[in-house]
Amino acid sequence: MSGGAAPFLYRPSSTDRMPHASAASAAFGAPHLARRPKNLIGDAYLEEMVAAAAAAQQRLHHGRTSLDGHPHGGEVLNILIQFAERPDESLSTNYSDLLRRDAPVPRFAALLAQRLKTPWPSPSDSALEDASSSLDYSDPFSDLPPVSLKPTHTDEAATRQRELLRGHIQQLQKASQQKHEGVAIDACGKLLEIFSPDGPDGSMHPIAEGKEGSRANSISVSSERAGSRSGESRANEAAVFMSEHGMLPLVHMLSSSDSTRVNLKLLELLNAILQRGGVAVCETACLLGVIPAVLRFTEPHLPQGTRLEAARFIHTMCTRSVLTLQMFVACYGLPALVRLLLSPAESHELVLFSIDAMKSVLDMKGHSPRNDLCRTFVELGVLELLMHALHEINAKHPGHAERASEIFLLFSCADTVVKAQIATRLVLPGLIRVVERPHEFGPEVVLKLLRCIKHLCMGDASHMEALQRAKAVPTLVAMLKLTQAQAHAMSSWAEMRNVCVNALYLLCKISRSRQEEAAINGVLPPLQALIEQGSPLKQFALPIVCDIAKASKRARAELKHHRGVQFYLGLLATEFWQEAALDALLVWLLDEGAYVSKVMEGPQGVQALQGVMDCGNNSFVNMLEPLRQIVYNSAPVNRALGKLAGHAGVSPFVSSLVKRLRHQDALVRRLLLDIMTSLYEHHRSPKLLVERHRLKPVLTDIIENDPGVLVQNVASRLFRAFEAHDIL
């Protein structure tokens, strides 16, 4: 005992050991008890009392109605009095009253039963109860309907059915012990006649299609067949089979038999029992080792019928309950799921069973290591086989094709190791082919595989390079270019477009080659439409369009076809995107100055650049440097901005620039003076420019009062230029 305390045991002392018990036992025919040691503990002491009382009761039963004449009669009476109920006990029987001379002789069995209803007190009972409560055994088949002692017609049928089952089970056990193939096949055939719900051929329900197919398969069997034979009065045959230990010879023969005929019959019988039984039957079968015994029958060299029965068993284990699913995985069942994808039959049943089981494994509830499960599947080579299966079953089994795409989606959410295996030449081209043919595959299949591509784009740079080699960019662009009629024909078109734009954004973000590839394949029109419509996808489309101007000459040639300069000028009035648009115009201007300047010197360009001077403070500061370079490198744009117009004969751009010279940032003031210097140097009427905008007092004030040394230097140089050209 923990804590140093010894358990309580009743040990009578020398004064209260009651030698009467031994004497009475010897006197009334129990001499073996009289010879027992005197240091008896509680239970042994009670045994002596009971034996002595039994001997006394037997003596009374043989006609001696009184104990007065016996030398030990008083001693026996004293013994029985020790067991009399106390006033505070639950029973009120007084055993001294039962032994009165005028009282009838009691039946000792009834008396003892009444006595034993009172609990035997012991201080250690509570501790022992807590320790043993966790060891209690609960029979999963204890709720079987009992057979009545006076059976009705229904009970007789149930009894006959059980006896028939017992006979067949004994025959199966005999076949297992003697390894007799003929007896085994005969026993399996007779049992199949009982368990097969659809006839002697043992055929099962087909696999359901659709989103809820897997769950429906696991629920329909138990819900349709529970108690369907003869009602509640008849015992469940599968549960009776388990309670009669029929599963043990079945598992033993599956583990040891090499006969194809025997194995096929055993598997058919096993599937019929598991389909017929409930969750308890399946879980008990797992505990008896049925899973490792069956997994060997998934090998591709075995006959197709044997593999099909093994696949049906695996499907049952993976869809019946969480416990059976966990046991299947724990028994290293994942390789069997992959083997089912090898050498499938034309009916694709093996593939369908495997896909359902894999989906159940990856959707396992609780604290399942999904990422490790994905890694295990990938190491077993499931990706290539599953992609091939998806293409094969799509036409006849679109529901399972969708489940296969869901499995790929789960793989794409795993870690980099799993994603790297998806982004290989064995898997990725097949994935891209599905996206290329959205009307051949279901919209849900295409959508899920588009999400796979998006998840790959969020991984390593090597994954994006693999996608580029697999022509992912043209495929995504083609999806965006679907006509209005084609788009409306697909129920998930809006979500597909969202995923496509996101994936293109990630692919083109830092790669000039992929930006060029997107432009060449026609990404500009759909993206421009999204931007002009004000779609929420605008935030992903705008960076792509703005970066295309920086990609290459070939990409900018595509921009020319779609009025790229005008588009960028329009973006200068769009908050948060003026900087990106102005940078794109600058890059394009430096490469093709004549073409870009021709558009920018027009009214739209001048008005857009005027807006730069009027925009918010942060954007204004960031756009000054690209604006300075545009004014410096493009004489037509320069003259257009400094052109005097209106009744006052002033330039709106220069007027806004002069107002901005009061900016608190010295760097901003210096950049503004640089822009003014460029405007002055390229102006057709520099004297009018200075006079109309009163630049002399502005520069004088800066030279005398501005705290920035560099700002004063730029202002001084411009002032000296005025003097040199006899402007003042």
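Cut-offs and rules
Residues numbered from 1 in each chain as written. Predicted model: local features only at pLDDT ≥ 70, side-chain atom pairs only at ≥ 80, totals over all residues. Heavy atoms only, no water. Helix = DSSP H or I, 4+ residues; strand = E, 2+ residues; numbered from the N terminus. Buried < 20%, exposed > 50% of the residue type's maximum accessible area, 1.4 Å probe, protein only. Contact = heavy atoms within 4.5 Å. Areas by Shrake-Rupley, 256 points an atom, 1.4 Å probe, with all protein chains shown as cover. Expected span 1.5 Å × (residues − 1). Axes fitted to C-alpha atoms, helices over the stretch in contact; angles between N-to-C directions. Parallel < 35°, antiparallel > 145°, perpendicular 65-115°, else oblique. Nonpolar A, V, L, I, M, F, W, Y, C, P; charged D, E, K, R; others polar. pLDDT = per-residue confidence, 0-100. Polar contact = N/O pair within 3.5 Å; in protein donor to acceptor, adjacent residues only side chain to side chain. Core = buried A, V, L, I, M, F, W, Y, C linked by side-chain atoms within 4.5 Å. Arc of directions from axis to C-beta. Phe/Tyr/Trp six-rings, centres within 6.5 Å; stacked < 30°, edge-to-face > 60°. Salt bridge = Lys/Arg side-chain N within 4 Å of Asp/Glu carboxyl O. Left-handed = near helix turned anticlockwise from the far one by under 90°. Disulfide = S-S within 2.5 Å.

## A few points about the overall build of the protein
The helix and strand tally for the protein stands at 44 helices and zero strands. For the protein, the proportion of its 728 residues judged to be buried stands at 48%. Counting contacts in the protein only where the partners sit at least 6 residues apart, residues at least 24 apart contribute 70% of the total. Counting every atom, the protein has about 35700 Å² of accessible surface; 53% of that belongs to carbon and sulfur.

## Looking at helix H19 (residues 349-362)
Residue pairs three or four apart in sequence face the same way in an α-helix, which turns once every 3.6 residues. Between its first and last C-alpha atoms H19 spans 20 Å; for 14 residues at 1.5 Å apiece the expected length is 20 Å, and the two agree. The buried count for H19 comes to 13 of 14 residues, which makes it a mostly enclosed element.

## Digging into the packing of helix H35 (residues 578-591) against helix H36 (residues 593-600)
Two elements in contact, H35 and H36, have axes whose closest approach is 6 Å; the angle formed by their N-to-C orientations is 130°. Comparing the axis directions of H35 and H36 gives the class oblique. Along its contact with H35, which presents Leu 585, Trp 588, Leu 589 and Asp 591, the element H36 presents Gly 593, Tyr 595, Val 596, Ser 597 and Met 600. The residue inventory of the contact of H35 with H36, partitioned by class, reads six nonpolar, two polar and one charged.

## Focus on the environment of Gly 611
Of note, Gly 611 is situated in helix H37 (residues 603-614). Residues Gly 611 and Phe 653, 42 residues apart in the sequence, show an inter-C-alpha distance of 8.9 Å.

## Regarding the confidence of the model for the protein
Put simply, the protein has an average pLDDT of 80, and 73% of its residues get 70 or more. Note on residues 1-41: pLDDT is under 50 here. Beyond four places in sequence and across chains, it has 55 contacts. Note on residues 118-135: pLDDT is under 50 here. Beyond four places in sequence and across chains, it has seven contacts.

## Regarding the environment of Thr 376
With respect to the secondary-structure elements, Thr 376 resides in helix H20 (residues 370-379). Thr 376 gets classed as partly exposed once you look at its relative accessible area, which sits at 24%. For the pair Thr 376 and Leu 334, spaced 42 residues apart in the sequence, the C-alpha separation amounts to 7.9 Å. From its side chain, Thr 376 meets the backbone oxygen of Asp 372 in a polar contact 2.8 Å long.

## Observations concerning the nonpolar core
Grouped together as the largest cluster of nonpolar side chains are 200 residues, with contacts concentrated most on Ile 314, Val 361, Phe 377, Phe 411 and Tyr 568. Apart from the residues within four sequence positions on either side, Val 361 is in contact with Cys 318, Leu 325, Val 329, Leu 334, Leu 337, Leu 373 and Phe 377.

## Some points on helix H26 (residues 461-469)
Along H26, the residues classified as buried are His 463, Met 464, Ala 466 and Leu 467. Projected down its long axis, H26 carries its buried residues within an arc of 155°, all on one side. On its buried side, H26 packs onto helix H23 (416-422), helix H24 (428-436), helix H25 (443-457), helix H27 (472-480), helix H29 (493-508) and helix H30 (512-520). Two residues or fewer past H26, Lys 471 is found with a positive phi of approximately 65°.

## Points about the packing of aromatic side chains
For the structure shown, the criterion picks out seven aromatic pairs. Pairing Phe 195 with Phe 241 gives two aromatic rings, centres 5.7 Å apart and planes at 90°, and the pair type is edge-to-face. Highlighted residues: Phe 195 in helix H9 (residues 181-195) and Phe 241 in helix H11 (residues 237-243), separated in sequence by 46 residues. One exposure class covers both Phe 195 and Phe 241, and it is buried. The interplanar angle of 80° and the centroid separation of 6.3 Å between the aromatic rings of Tyr 568 and Trp 588 together place this pair among those described as edge-to-face.

## Regarding unusual backbone geometry
Its identity as a non-glycine residue notwithstanding, Tyr 332 has a phi of 60°, on the positive side. With respect to the helices and strands, Tyr 332 occurs in the loop between helix H17 (322-330) and helix H18 (334-339). Although it is not a glycine, Phe 576 adopts a positive phi angle of roughly 75°. With respect to the secondary-structure elements, Phe 576 resides in the loop between helix H34 (564-571) and H35. Residue classification places Phe 576 among the exposed positions, given a relative accessible area of 67%.

## Overview of the pattern of salt bridges
Using the criterion set out here, one finds 22 salt bridges in the structure. Residue Arg 312 is joined to Glu 309 by a salt bridge in which the shortest nitrogen-to-oxygen separation is 3.0 Å. Note that Arg 312 and Glu 309 are positioned in helix H16 (residues 304-320) at a spacing of three residues, about one turn of the helix. For Arg 312, a relative accessible area of 9% corresponds to the buried category. The class of Glu 309 is buried, set by a relative accessible area of 9%. As a salt-bridge pair, Arg 437 and Glu 440 come within 3.4 Å of each other at their nearest N and O atoms. Exposure remark for Arg 437: the relative accessible area of 32% places this residue in the partly exposed category. For Glu 440, a relative accessible area of 46% gives the class partly exposed. When salt bridges with common partners are traced through the structure, they connect Lys 359, Asp 363, Arg 370 and Glu 406 into a single cluster.

## Section: the side chain of Glu 268
Mapping Glu 268 onto the fold places it in helix H13 (residues 260-276). Contacts of Glu 268, omitting those with residues within four sequence positions, involve Leu 192 and Glu 309.

## A few points about the environment of Arg 403
Mapped onto the secondary structure, Arg 403 falls in helix H22 (residues 398-412). The class of Arg 403 is buried, set by a relative accessible area of 3%. Of note is the side chain of Arg 403, whose polar atom sits 2.9 Å from the side chain of His 400.

## Regarding the packing of H9 against H13
Axis separation between H9 and H13 bottoms out at 9 Å; the angle between their running directions is 25°. One finds that H9 runs roughly parallel with respect to H13. For the pair H9 and H13, the sense of crossing is left-handed. Counting all contacts with H9, which are made through Glu 181, Ala 184, Ile 185, Cys 188, Leu 191, Leu 192 and Phe 195, the residues of H13 involved are Arg 261, Val 262, Lys 265, Leu 266, Glu 268, Leu 269, Ala 272, Ile 273 and Arg 276.

## Digging into the side chain of Thr 298
On the secondary structure map, Thr 298 appears in the loop between helix H15 (290-295) and H16. A polar atom in the side chain of Thr 298 sits 2.8 Å from the backbone oxygen of Leu 295. For Thr 298, the residues in contact, after removing those within four places along its chain, are Arg 307, Ala 310, Ile 314, Ala 336, Arg 339 and Leu 340.

## A short note on the state of the cysteines
The tally for this structure, following the rule as stated, stands at zero disulfides. The cysteine Cys 331 is free of any disulfide, with Cys 286 supplying the nearest cysteine sulfur at 7.3 Å. Not part of a disulfide, Cys 452 finds its nearest cysteine sulfur in Cys 413, a span of 7.5 Å. For Cys 452, a relative accessible area of 1% translates into the label buried.

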